[in-house]
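Architecture at a glance
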Amino acid sequence: MSLRNNPIKKLGWSSVDAFVNPTKSANRTETLATWSTMGNSPRFIRLTMAEGRMFAKTSSDLVYSFSSSRAKRKTAAKMTHLTPRMFMRKYSFWMVSAEEEEEEELVVRMALLDECTTGRGIIKAHCDNLKKLGYDTVSDKTKKSKEYLKVLREGAMLYPRSPSVGTEFPMEDGGGEEEQRATDVVFDWDAVPVRSEGARVAPREVVASVVAGSLGLRAENGGEDDNDNDDDDAFVMFALPHHLESLSTNAMGSKAYDDSLCLHTFHGRTCLVRGSAWRMSVSHGAPQSFVADRPPAADAIPSIAEALREDVGFELSPNVLRGAADTYFPAKILAKMGRIIEINEELKSLKNSDGDEDTYDYPDASDGEIEDAVSAAADVALPTDEEVEALLDDLQRAVEIWLIPGGKEEGGAEAEFLYDASWGGFVNCGCKYTFKKGHEDNGSCNNTFPECPALADVNEDFGNGWYNDHHFHYGYHIYAAAIVAKHRPEWGREYYERILLYIRDVANPSAEDTDFPVFRQKDWYLGNSWAAGLMSMELSPHGREQESSSEAIAAWEGIALYGNVMMDVFTEDDEELDSARLVRNVGELLTAMEVSAANRFWHVWGSKNDEEGSTSVTSGNVNNNPHINTYPKKYTKPVVGMMHETMASFQTWFAPEDVVSYGIQLIPFTAVSERRDEPEWSSILYPVYAESCETANVANDNFCEDNGWSIVQAGLLAETGEINDALEMAAEIPSKVFKSEGGDGNSLSNTLWFIATRKQS
């Protein structure tokens, strides 16, 4: 089912073709190589050679295995030298005209068999470096090369015609078993024999099997028919560690470890698996909440209450209330206001508790801890109901201003949202901001549609008009909307369709919704999302990228919480309830997958490679999942600042200071942070974070503190279990820091709440 299939025009939004003649959807899969015709543009590209034949140019270090659906003439192929920079790849082939062949599909399969052989090419240096890093290659052992070629030949006559990803969400909630919710993610490789007129191989029903010799395991056929499926067995694909955990539950702990068909790649230990369909179950984990797994520590509650009495008077700047700004920083402020409201709600609930019934479920708190929190809350003064309602009024106005079609002429945002029909997305026009000196927070947008700076320049509004960072931006808007809807259900009903525009843009789960692509930001194979949209702001050759894994996680958390809230709103409407349930399930699935990916690709600790280059595994962490160390031990930083498709780097787009690369993986402070950050990793990260903060302060005019990164340091210290020291550190942060660009997504209330709800060491 879809979240909604209402046409954009029905919702009142104007449609604009922001980009002319797009050739691919915004969530496209990039091709691995460019195939081009020559001469008179014949209809077929032809490579004629015997199946399974090996081919290499004498001046290259590369040996490929080729197979073709036609093998009638001599080899007529040549290949340019391949450097380690894979984007420079180029293949050229002799062509034949359409008249020379029957009109049938030509299928050519090519696989790299040996990448480090003669030593004659530039890639020799790359191969030598791989060995220094502890990476193994296909050519490291004769056995590996022969086994690999054997498997390739067995599957040479099958190819993946049009692979697809399916998601099977839980449709209903079982009584009391919500913590067991899971979604099946299915990779259907669409295996097709090259000589059977495109007839599809019937995939196995449940699970692929690890290639014999890969991990010494074979999974059982999960279908009802136990007859052998030779075609399905012959089809092979590489799987990463997180795939193997689902495809063979015992794989990572197997004692029979024969790695002859496994390689250590950039994305981790990679093994061949058989089967044309992979079914992987992803647990959603415990239901998400606005509160932590335990109440605030009793001795911190008076300080939190004092901060609330101050923070409840927060006033939005006039330009934000008018939507005269970018879509990112104001959204962080809205989420900040929502957190103030929710923390007050939690303390109010504890204060009014009669001890017989807990308003909140604290799964990791003893009865004594809850009683202490109730007792402490009973003695504090909280903001008045009138003050909280006034803050909620401002939050509601600031959330809905962006969701009024037509821009300021219709009472909506000065920087109005548009629907882009070219790529199917919700993009912002952008704002040419002008202001009088001394009144920077009361400026206005000196432009209206169709004059849209964000559509004209990828560097405007963080590239929003070019689909960059959409989930970062919209996640904060969705989180704030969830809080307004929770406290004002009628508003939630009225604005449900409009809030769904944010969700449909970044996480539309259904192809039935033709206005938006399916899961625009998602990389299903790697498991993470990508922040880069149509193009990189710096035209990076390393593919799509994502900087802040934590803001991606927070975006999906916001969707899950919004779905939860709207399920409560729609309890009497089955159709709307099903829609809200799907929103929640989508958010929970994406949160779980992003947390897992963050701990594989962005959080780095304990990296250790054995003599064969296999990935080490540690267990016993707080989430009871094994930690898979992806990178070689020579990568010594505890985080990756920017993850690209083909590069991991310690840097950010916007600042060179080390503390920024660390801190961007730790914001915002919300309940999901405990799932995100393992205490072991936090303990390793904290000393280097503290040192980098001090270095930035000394070298760059108090940079760390003035830009809000000292707030993050206090939260990180709390994650190591040092609650009291973290509370003292937070209390010393100047109030102006919470109004800085880096700190404006935080409040003192939320910082103290976050620290006080961490697990004590």
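Keep in mind the model is a prediction, meaning the values are calculated, not measured.

**Let's talk about the overall build of the chain**
Counting its secondary structure elements, the chain contains 21 helices and 26 strands. When the accessible surface of the chain is summed, it comes to about 32700 Å², and 48% of that surface belongs to carbon and sulfur atoms.

**Here we look at the nonpolar core**
Within the largest apolar cluster, 167 residues are counted, with the highest numbers of intra-cluster contacts made by Leu395 and Tyr562. Aside from chain neighbours lying at most four places away, what touches Tyr562 is Ile478, Ala481, Ala482, Gly492, Tyr495, Tyr496, Ile499, Ile503 and Val583. Core analysis: the next-biggest nonpolar cluster, separate from the first, contains eleven residues, Val16, Leu418, Tyr467 and Leu534 among them.

**Considerations on the sheet that holds strand E25 (residues 642-644)**
Spatially, the three strands line up as an open sheet ordered E22-E25-E26, and their pairing is antiparallel. Two strands bound the open sheet, and with one partner strand each, they are strand E22 (545-546) and strand E26 (648-649). Where E22 lies against E25, two bridges are found, and the strand directions are antiparallel. When the bridges of E25 are listed, Gln546 appears paired with Met643.

**Examining helix H11 (residues 470-487)**
When the terminal C-alpha atoms of H11 are compared, their 26 Å separation across 18 residues agrees well with the 26 Å that a helix rising 1.5 Å per residue should span. Buried residues dominate H11, accounting for 16 of its 18 residues.

**As for the sheet that holds strand E18 (residues 417-420)**
With mixed pairing, the three strands of this open sheet are ordered in space as E1-E18-E19. Each edge of the open sheet carries a strand with a single partner, namely strand E1 (15-16) and strand E19 (425-428). Inspection of the sheet shows E18 paired to E19 by four bridges, in the antiparallel sense. Bridge pairing in E19 places Phe417 opposite Asn428.

**Notes on the pattern of salt bridges**
Scanning the model with the defined rule gives 24 salt bridges in all. The partner of Arg294 in a salt bridge is Glu674, and the shortest N-O contact between them spans 2.8 Å. Of this pair, Arg294 sits in the loop between strand E17 (277-283) and helix H5 (301-311) while Glu674 sits in helix H16 (residues 673-676), and the two are 380 residues apart along the sequence. Taking the relative accessible area as the measure of exposure, Arg294 reaches 6% and is therefore buried. A relative accessible area of 18% places Glu674 in the buried class. A salt bridge links Glu490 to Arg493, with the shortest nitrogen-to-oxygen separation between them at 2.4 Å. A residue pair is termed a helical-turn pair when its members lie 3 or 4 positions apart in one helix, as Glu490 and Arg493 do in helix H12 (residues 489-507) at three residues. For Arg493, a relative accessible area of 37% corresponds to the partly exposed category.

**Re the state of the cysteines**
This model, assessed by the stated rule, comprises four disulfides. The disulfide bridge from Cys431 ends at Cys445, spanning 2.1 Å between sulfur atoms. Between Cys431 and Cys445, the disulfide has an S-S torsion of -110 degrees and is therefore left-handed. Of the two residues, Cys431 is situated in the loop between E19 and strand E20 (433-434) and Cys445 in strand E21 (residues 444-445); the sequence distance between them amounts to 14 residues. The partner cysteine of Cys693 in its disulfide is Cys704, sulfur to sulfur 1.9 Å.

**Section: the environment of Ile559**
Along the chain, Ile559 falls in helix H13 (residues 549-569). Here Ile559 falls in the buried class, since its relative accessible area comes to 0%. Between the C-alpha atom of Ile559 and that of Gly475, which follows or precedes it by 84 residues, the distance is 7.2 Å. The contact partners of Ile559, leaving out residues within four places of it in the chain, are Ile478, Ile503, Val506, Ala507, Val583, Arg584 and Gly587.

**Brief notes about the packing of aromatic side chains**
Where two aromatic rings form a pair, the distance of their centres and the angle of their planes describe that pair. Within the structure shown, the criterion is met by 27 aromatic pairs. Between the aromatic rings of Trp491 and Tyr495, the centroid separation amounts to 4.9 Å while the plane-to-plane angle is 15 degrees, which identifies the pairing as stacked. You can see Trp491 and its partner Tyr495 sitting in helix H12, four residues apart, about one turn around the helix. Residue class for Trp491 comes out buried when judged on its relative accessible area of 6%. Using a relative accessible area of 6% as the deciding quantity, one classes Tyr495 as buried. A centroid spacing of 6.1 Å and a plane angle of 20 degrees characterise the contact between Tyr496 and Tyr562, whose relative ring orientation is stacked. One end of the pair, Tyr496, is in helix H12; the other, Tyr562, is in helix H13, with 66 residues separating them in the sequence. By the burial criterion, Tyr496 is buried, and Tyr562 matches it. Chaining the aromatic ring pairs together yields one cluster made of Trp402, Phe417, Phe426, Tyr474 and Tyr502. The lysine or arginine in question, Arg339, covers the ring of Trp753, its NZ or CZ lying 4.4 Å from the ring centre. Sitting over the face of the ring of Trp524, Lys522 holds its NZ or CZ atom 5.4 Å from the ring centroid.

**Things to note about helix H8 (residues 367-378)**
Spanning twelve residues, H8 covers 17 Å between terminal C-alpha atoms, matching the ideal 16 Å at 1.5 Å per step. Looking only at H8, the buried set comprises Ile370, Ala373, Val374, Ala376 and Ala377. Along H8, the residues classed as buried sweep out an arc of 165 degrees about the axis, all on the same side. Opposite the buried face of H8, by more than 90 degrees, sit the exposed residues Asp367 and Glu371.

**Thoughts on unusual backbone geometry**
Following Phe449, the chain continues to Pro450 via a peptide bond in cis, the omega torsion being 15 degrees. Topologically, Pro450 is positioned in the loop between E21 and helix H10 (453-456). Looking along the chain, the bond that leaves Ile667 and enters Pro668 is cis, with omega of -5 degrees. Locating Pro668 in the fold gives a position in the loop between helix H15 (658-663) and H16. With a phi close to 70 degrees, Tyr467 is a non-glycine residue in the positive phi region. Checked against the element boundaries, Tyr467 lands in the loop between H10 and H11.

**Side note on the side chain of Thr591**
Assignment of secondary structure puts Thr591 in helix H14 (residues 574-602). Judged by its relative accessible area of 2%, Thr591 falls in the buried class. In contact with Thr591, not counting residues within four places along its chain, are Gln288, Ile553, Trp556, Glu557 and Val672.

**A closer look at the environment of Val583**
Within the secondary structure layout, Val583 lies in helix H14. Spatially, the C-alpha atoms of Val583 and Ala507 are 9.1 Å apart, while their sequence positions differ by 76 residues. With near-sequence residues (within four places) excluded, Val583 lies in contact with Leu3, Tyr496, Leu500, Ile503, Ile559, Tyr562 and Gly563.

**Examining the confidence of the model for the chain**
Overall, the predicted model of the chain reaches an average pLDDT of 80, with 73% of residues at or above 70. Here residues 21-58 is modelled with pLDDT under 50, and outside its nearest four sequence neighbours on either side it reaches 101 contacts, counting other chains as well. Between residues 607-623, whose pLDDT stays under 50, and residues either more than four places distant or in other chains, the model counts 47 contacts.

**Structural notes on the pairing of E17**
Of all seven residues that make up E17, five are buried, and the element is covered over most of its length. Bridge analysis of strand E11 (residues 182-188) against E17 gives seven bridges, and the strand direction is antiparallel. Bridge assignment links Val185 to a residue of E17, and that residue is Met280.

Quick notes on the rules
Residues numbered from 1 in each chain as written. Predicted model: local features only at pLDDT ≥ 70, side-chain atom pairs only at ≥ 80, totals over all residues. Heavy atoms only, no water. Helix = DSSP H or I, 4+ residues; strand = E, 2+ residues; numbered from the N terminus. Areas by Shrake-Rupley, 256 points an atom, 1.4 Å probe, with all protein chains shown as cover. Core = buried A, V, L, I, M, F, W, Y, C linked by side-chain atoms within 4.5 Å. Buried < 20%, exposed > 50% of the residue type's maximum accessible area, 1.4 Å probe, protein only. Contact = heavy atoms within 4.5 Å. Pairing = 2+ DSSP bridges. Expected span 1.5 Å × (residues − 1). Salt bridge = Lys/Arg side-chain N within 4 Å of Asp/Glu carboxyl O. Disulfide = S-S within 2.5 Å. Phe/Tyr/Trp six-rings, centres within 6.5 Å; stacked < 30°, edge-to-face > 60°. Lys NZ or Arg CZ within 6 Å of the ring centre and 35° of its normal. Arc of directions from axis to C-beta. pLDDT = per-residue confidence, 0-100.

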